[in-house]
Structure formats: C-alpha cells, structure tokens
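Spelled out, the chains give:
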Amino acid sequence: MIREGDKKLKEAWKNRFQSLPEDSKAALKAALLDLRSDALKRAQYCWKKHKAPMALYWKVVGVYAGHISRIL
C-alpha cells in the first residue's frame, strides 16, 4: 500500500536527520526556519499580486521546510 511506503520513507528520513551531529542539526533547522519564513512572505506577496500559481508554490515550500525543521 502507498501509506505503508510513506510511513517507511518518513521513518528512513527521520532516522537520517536524527543521526546528524547536534551542531549540524541546529544549523539545518535554523536555515529551514529562515526558508519557511521567507517562502511564506513570498506566498503572501504573490497572492496580493494575483499570481496564484506562484503563491501556491511558495506556500508549499514554506510548509515542507516547516515540516522538515520539526523533525530536527
């Protein structure tokens, strides 16, 4: 099933991120949070300019960056 594959993939990536040294995790988390903040600002800007496809793109980038940063 697809869901079983998703769970295995999620666990594999979680284990990879958790095995990083603490200083690397902290730096990566900070970079991802900066990326998230910037992407969400860009999404708002694009939405105000009536550029929905780009707003969606930046919103997704921000969401994914936030999800990955939570794993760390």
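Residues numbered from 1 in each chain as written. Predicted model: local features only at pLDDT ≥ 70, side-chain atom pairs only at ≥ 80, totals over all residues. Heavy atoms only, no water.

### Description of the nonpolar core
Next up, step 1: Within the largest apolar cluster, six residues are counted, these being Ala 39, Ala 43, Cys 46, Ala 55, Trp 58 and Val 61.
Next up, step 2: Broken down by secondary-structure element, the contributors of at least two residues to this core are helix H2 (22-48) and helix H3 (52-71).
Next up, step 3: Dropping the residues within four chain positions of it, Cys 46 is found in contact with Lys 51, Met 54, Ala 55 and Trp 58. (Core = buried A, V, L, I, M, F, W, Y, C linked by side-chain atoms within 4.5 Å. Buried < 20%, exposed > 50% of the residue type's maximum accessible area, 1.4 Å probe, protein only. Helix = DSSP H or I, 4+ residues; strand = E, 2+ residues; numbered from the N terminus. Contact = heavy atoms within 4.5 Å.)

### Topic: the packing of aromatic side chains
Next up, step 1: Per the stated rule, a full pass over the model turns up two aromatic pairs.
Next up, step 2: Each ring, one from Trp 13 and one from Phe 17, has its centre 5.9 Å from the other, and the planes form 40°; the classification is tilted. Of the two residues, Trp 13 and Phe 17 are both situated in helix H1 (residues 2-18); the distance of four residues between them amounts to about one turn of the helix.
Next up, step 3: Given the relative accessible area of 41%, Trp 13 is considered partly exposed.
Next up, step 4: Judged by its relative accessible area of 15%, Phe 17 is buried. (Phe/Tyr/Trp six-rings, centres within 6.5 Å; stacked < 30°, edge-to-face > 60°.)

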